[in-house]
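# Analysis of the macromolecular model
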Amino acid sequence: MTHPPNGSTAPPTMPSVPPQTRGGPPAPAPPSPPPPAPAPPRRTAWAEGVDRLKAAATTEPGRLRIIGAVLALLVVAFGATTAWQMTDRSSAADDVLHSSQPLTADAADIYRSLADANTAASSGFLAGGQEPAAVRDRYEKDIRRAAEKLVTAAASTDPGTPSARTIARLNTLLPQYKGLIERARANNRQGFPLGGAYLRYANQTMQTEMLPAAEDLYTKENQRLQEDYDAATPYPWIALALGLVALGTLGWAQRRNYRRTNRVFNQGLLGATAATTVVLLWLVVGHTVARSGLESSYDHGVKSLNVLHDASIASLKARGNENLTLVSRGAETVSVQGETRDKYDVDFQKQMKVLAARLTAADGLAGDDEAGSAPVDKATDSMKEWLKRHDDARARDDSGDYQGALDKIIGSKQGATGQEKSTGECFDLVDDSLDKALAHEQQQFDDDASGGRGAMTGLAAGAAVLAVLAAAGALLGVGRRLSEYR
């Protein structure tokens, strides 16, 4: 270790002085480094994808990939849209055949059963204390039928809907009406005039509460049927447009392939074109046939059924009013053009005019169909005879011959002359003829609607499968071309 000599100290350190330029200014400070360049903005995945797509489109393999993707997307979209639209239409057609039309028919049957029960009750009352067994059985059958149809309608109707509330109200009123009829019968058997009052009150309950509720149910179900028809019959324009675009694009792709390679056929693209063509033709033909069947079921089935139901209802109302004319015996009157007339006879004439108009309309709808027009013609002839006999009955009643009028309405033995020709016979003929016409038109509806519904069977599923095959064929065809660049 080295030490400084004794008595000596280390020389002081002098600060360094920057060199000076003789006779000039001080030297400038060194420049500061430049600031770092700002980072480029981050690009979105969409922008990068667009750039890659543009770069790929500049080469033939890239163009082929884009063409394959577009072709596959178009045919899949066509198949999916076809499946979607035809599923909706098929479901609506199925509702027409199995839901809304049967419910409409049930609602009409409820109305007719109630009206016929009311008519049978008044006919039995006019027969006296000993009600004929046939009339009593008819009344009971109508009441049971109405109750059964109400149960069926309730099971097929969504809870909380207006139709469900109407059905519930009818279920409440039906036993009340039956109770009034039983009181009328009990008093009538004992010869008490109170029986007529009970019968008129029961008729009022039927005419002002039950039949309007049944008619409201029928109207609502008819509207639902119309909505199902409106959903089942429109053309699937979106699917048709996509099918034409897909077919046109496939044709363009094959023409492009031919011009670039001079090859007439590409098996994959040809298969895709064939599958797309099959779907498009199936869609056009299948829906056209289905639409034709459904429209025929409406024009030759539903329209005729509606008119015939109205005719039957008018006939039943007219018969009930005719009976009540003799039950009330002038107890209820109305003023018509300043003339006092029996209320029930006025209503009878009104309903007979409705019946005549509906029978004329039904005959026009039947056209050349002999099976449909024959019962309508028979009902028309019976109606005319009914009016003649009714006028005779009213003339007897107005002249004070009540028993003669009663015999003309419900029929009675006239000694050696045989059975009195009654209006009841004419009513029965009208009712039976209308039943036959309704059965014929119902069968016509079932046949046409079933044919229309059947034309759409398998279309949705078939379109989806063929669209997948077409997409696979398009990708396979483009893949064959891409393999040539590897």
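Quick summary incoming for the structure in this document. (Residues numbered from 1 in each chain as written. Predicted model: local features only at pLDDT ≥ 70, side-chain atom pairs only at ≥ 80, totals over all residues. Heavy atoms only, no water.)

As for its position among the elements, Trp237 is in helix 6 (residues 237–261). Note on Trp237: relative accessible area 60%, which makes it exposed. Taking the C-alpha atoms as reference, Trp237 lies 9.2 Å from Gln85; in sequence the two are 152 residues apart. (Helix = DSSP H or I, 4+ residues; strand = E, 2+ residues; numbered from the N terminus. Buried < 20%, exposed > 50% of the residue type's maximum accessible area, 1.4 Å probe, protein only.)

Here we come to the pairing of strand 2 (residues 339–342). Regular strands show a simple pattern: their side chains alternate between the two faces of the sheet. Relative to strand 2, strand 1 (residues 333–336) runs antiparallel, the two being bridged by 4 bridges. Directly across from Val334, in strand 2, lies its bridge partner Arg341. Where strand 1 hands over to strand 2, the hairpin turn is made up of 2 residues, of which Gln337 adopts a positive phi near 55°. (Pairing = 2+ DSSP bridges.)

So, about the side chain of Glu441. Within the secondary structure layout, Glu441 lies in helix 11 (residues 423–454). For the buried residue Glu441, which engages in no salt bridge, the nearest side chain bearing the opposite charge is Lys303, 12 Å off. Those residues in contact with Glu441, other than ones at most four positions away along the chain, are His300, Gly301, Ser304, Leu305, Leu308 and Gly372. (Lys, Arg positive; Asp, Glu negative; His and termini not counted. Salt bridge = Lys/Arg side-chain N within 4 Å of Asp/Glu carboxyl O. Contact = heavy atoms within 4.5 Å.)

What follows deals with a negative patch on the surface. Taken together, the side chains of Asp363, Glu370, Asp377 and Asp381 make up a negatively charged region of the molecular surface. Here the element with the most residues in the negative patch is helix 9 (residues 370–398); it accounts for 3 residues. (Patch = residues over 30% accessible without salt bridge, like charges linked within 9 Å, V, L, I, M, F, W, Y side chains within 5 Å. Areas by Shrake-Rupley, 256 points an atom, 1.4 Å probe, with all protein chains shown as cover. Charge placed at Lys NZ, Arg CZ, Asp CG, Glu CD.)

For the rest of this paragraph, the subject is the packing of aromatic side chains. Aromatic ring pairs are described here by two measures, namely the spacing of the ring centres and the angle between the planes. Using the criterion set out here, one finds 4 aromatic pairs in the structure. With 5.5 Å between their ring centres and 50° between their planes, Tyr235 and Trp237 make a pair best called tilted. A centroid spacing of 6.0 Å and a plane angle of 65° characterise the contact between Phe348 and Trp386, whose relative ring orientation is edge-to-face. Here Trp386 lies in helix 9 and Phe348 lies in helix 8 (residues 343–366), a separation of 38 residues in the sequence. An identical accessibility class is assigned to Phe348 and Trp386; each is buried. In this structure an aromatic cluster arises from ring pairing among Phe348, Trp386 and Phe427. (Phe/Tyr/Trp six-rings, centres within 6.5 Å; stacked < 30°, edge-to-face > 60°.)

Let us look at helix 9. Helix length check: helix 9, at 29 residues, gives a terminal C-alpha distance of 42 Å against a target of 42 Å (1.5 Å per residue), a fit within 8%. The backbone nitrogen of Ala371 has a side-chain oxygen 3.3 Å away, supplied by the residue at the start of helix 9, namely Asp369. Where helix 9 ends, the next residue or the one after it, Gly400, has phi of about 95°, a positive value. (Expected span 1.5 Å × (residues − 1). Polar contact = N/O pair within 3.5 Å; in protein donor to acceptor, adjacent residues only side chain to side chain.)

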